[in-house]
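Close look at the chain arrangement
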Amino acid sequence: MMPDQEVLSDEAKLLRTGFTTGSCATAAAKAALTRLFLGDETDIDKIAITTPNGTILEIPIEAVFKSGEHSVTAVVIKDAGDDADVTHELEICARVTLNPTGDINITGGVGVGKVTKPGLQIPVGDYAINPVPLQMIKDNLRPLLDRGAGVEVSIEVPHGEAVALKTFNPRLGVIGGISIIGTSGIVRPMSEEAFKETIYTEMKQKKALGITTLVMVPGLHGEKYAIEHILLEETANTAKDLSGLNVKIEQVVHMGNYVGFSLQAAESLGFEKVILVGHIGKFIKLAGGIFNTHSKVADAKTAIMISELALLGAPMTLIETIDAANTTDEMANCLSETAYWRVFQKIAEKAQKRCVQFTLENLALEVILYDMTGRLLGDSRRRQAF
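Here's what I pulled together on the structure shown here. (Residues numbered from 1 in each chain as written. Predicted model: local features only at pLDDT ≥ 70, side-chain atom pairs only at ≥ 80, totals over all residues. Heavy atoms only, no water.)

Here's the deal with the packing of aromatic side chains
If you walk through the whole model with that rule in mind, you get three aromatic pairs. Taking the centre distance of 4.2 Å and the plane angle of 10 degrees together, the rings of Tyr-225 and Tyr-370 count as stacked. Pair noted here: Tyr-225 is in helix α7 (residues 220-229) and Tyr-370 is in strand β17 (residues 364-370), with a separation of 145 residues, a long-range link. Judged on exposure class, the residue Tyr-225 and its partner Tyr-370 are both buried. It is Lys-114 that lies over the ring of Tyr-127; its NZ or CZ is 5.0 Å from the centre. In this structure, Lys-207 packs its charged tip against the face of Phe-271, placed 5.4 Å from the ring centre. (Phe/Tyr/Trp six-rings, centres within 6.5 Å; stacked < 30°, edge-to-face > 60°. Helix = DSSP H or I, 4+ residues; strand = E, 2+ residues; numbered from the N terminus. Buried < 20%, exposed > 50% of the residue type's maximum accessible area, 1.4 Å probe, protein only. Lys NZ or Arg CZ within 6 Å of the ring centre and 35° of its normal.)

What follows is the structure in structure tokens.
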């Protein structure tokens, strides 16, 4: 029986949001630069930053102090809210030094990991500061700088190396510390029950609006891909785009890792069709019959990929290369120039079949897979095209 509530549970209402490590690093950098300009006598106990979606956050500043003749360091204590996050209460520091180049150069320091394996958004050898936080720091510092002035920013996390051992960083080849991450700037915790209630309530609302086809995505990355590569502009809502879909942004639902629950909810509410759009790293699990895609529940990406390649007759040398790959994006790069690229289409089709079997088969289902570069990897609607 699906929940039938128009409001979130009391538990969901009471859960407190927090700040991503990216927001903390941005606030520390902005506080340090502000002190650098205003002088040592200025008290800074909080700083306002703008997140990628335009939200203004006020973040407490733990300390600001001179750390060199021309440098200032600021410290933010990471507050993850009520989210279960090992980085909660870590010190996130930014050391800022003016330069005459006009550039904003950002690097890592103690406690920020370095990337040692390919397949991530960050090149091998660079500090693990993801592209969105990098841009957020630049966007928040640039308005403070005079024309032509630049700044050097070093992000440090004093206890980051020890905490990183409790994360997936070592498995991903990020060594020596944590990653500075975050796409929205805000950590929005939810209990499993509350999250499912939210998904169901949103679907119910869309059904009431007369929507018959849902586009279900895990989160912001899936939504961004759907908007940029699949969904139609309002001005062209009577035609089909290159991906062959005729849908609008109003049809998009965020389902997190709860694919199975979301499929059953969509079916129980009487939707006619669901199009699942997601990154290969999560949706490859669907091909193995895994319908909660959280890495703590199951992480069978490599095993599923190797199994499908073996069924295609891939040589052992290629299978061994895939077995050693760090991420599914790296796997895609390894396969891009080979005859076995079609494995991704096979995975999309198998994922679609598994999803149909998981429901009562009253729901039309399709699966679209992509990688972090935006490449279309597989599309279950195009069985004759691959």
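Comments concerning the environment of Ala-325
As for its position among the elements, Ala-325 is in the loop between α11 (316-323) and α12 (328-335). If sequence neighbours within four positions are ignored, Ala-325 has contacts with Glu-330 and Met-331. (Contact = heavy atoms within 4.5 Å.)

As for unusual backbone geometry
Of note in the backbone geometry, Glu-89 takes a positive phi value of approximately 75 degrees without being a glycine. With respect to the helices, strands and loops of the structure, Glu-89 is situated in the loop between β5 (71-77) and β6 (91-99). The class of Glu-89 is exposed, set by a relative accessible area of 58%.

Comments concerning helix α2 (residues 21-38)
If you check α2, its first and last C-alpha atoms are 26 Å apart, about what 18 residues at 1.5 Å a residue would give, namely 26 Å. In terms of residue burial, α2 counts as a mostly covered element, since 15 of its 18 residues are buried. (Expected span 1.5 Å × (residues − 1).)

Overview of the sheet that holds strand β15 (residues 252-254)
Working definition: the strands of a sheet are paired by backbone hydrogen bonds and lie parallel or antiparallel to each other. Here five strands make up an open sheet; going across it, the order is β15-β14-β16-β17-β18 and the pairing mixed. This sheet does not close on itself; its edge strands, each paired only once, are β15 and β18 (376-379). Adjacent strand axes in the sheet meet at a mean angle of 20 degrees, parallel and antiparallel pairs treated alike. Bridge analysis of β17 against β18 gives three bridges, and the strand direction is antiparallel. What sits directly across from Leu-369, in β18, is Gly-378. Helix-sheet contacts for helix α8 (residues 259-268) involve β14 (213-217), β16 (273-279) and β17, and the interaxial angle to β16 is about 160 degrees. Docked against the sheet, helix α13 (residues 343-358) engages β16, β17 and β18, running at close to 150 degrees with respect to β17. (Pairing = 2+ DSSP bridges. Axes fitted to C-alpha atoms, helices over the stretch in contact; angles between N-to-C directions.)

Focus: a nonpolar patch on the surface
Taken together, the side chains of Phe-37, Leu-38 and Leu-98 define a hydrophobic patch exposed on the protein surface, amounting to about 280 Å² of accessible area. Topologically, Leu-98 is positioned in strand β6. Take Leu-98: its relative accessible area is 39%, and that puts it in the partly exposed class. (Patch = residues over 30% accessible without salt bridge, like charges linked within 9 Å, V, L, I, M, F, W, Y side chains within 5 Å. Areas by Shrake-Rupley, 256 points an atom, 1.4 Å probe, with all protein chains shown as cover. Salt bridge = Lys/Arg side-chain N within 4 Å of Asp/Glu carboxyl O.)

Let's talk about the nonpolar core
Of all hydrophobic cores here, the largest spans 49 residues; its most connected members are Met-203, Leu-276 and Met-305. Here this core takes seven residues from α13, the largest share from any one element. Apart from the residues within four sequence positions on either side, Leu-276 is in contact with Met-216, Met-255, Val-259, Leu-263, Phe-283, Leu-286, Cys-355, Glu-366, Val-367 and Ile-368. (Core = buried A, V, L, I, M, F, W, Y, C linked by side-chain atoms within 4.5 Å.)

Focus on the pattern of salt bridges
Overall, the coordinates contain nine salt bridges when judged by the stated rule. Between Lys-350 and Glu-308 there is a salt bridge, with its nearest N and O atoms 3.0 Å apart. Residue Lys-350 is located in helix α13, and its partner Glu-308 is located in helix α10 (residues 301-311); the two are separated by 42 residues in the primary sequence. Judged by relative accessible area, which is 28%, Lys-350 ranks as partly exposed. The shortest N-O distance in the salt bridge between Arg-381 and Asp-379 comes to 2.4 Å. Taking relative accessible area as the criterion, Arg-381 reaches 23% and is therefore assigned partly exposed. Its relative accessible area of 1% is what places Asp-379 among the buried residues.

Examining the packing of α2 against helix α3 (residues 131-141)
Two numbers describe how α2 lies on α3: the axes approach to 9 Å, and their chain directions differ by 25 degrees. As summarised for this structure, α2 and α3 are arranged roughly parallel, according to the angle between their axes. Both α2 and α3 take part in a crossing whose hand is right-handed. Between α2 and α3, the residues in contact are Gly-22, Ser-23, Ala-25, Thr-26, Ala-29, Lys-30 and Leu-33 and Pro-133, Met-136, Ile-137, Asn-140 and Leu-141, respectively. For the contact of α2 with α3, a count of residues per class yields seven nonpolar, four polar and one charged. (Parallel < 35°, antiparallel > 145°, perpendicular 65-115°, else oblique. Left-handed = near helix turned anticlockwise from the far one by under 90°. Nonpolar A, V, L, I, M, F, W, Y, C, P; charged D, E, K, R; others polar.)

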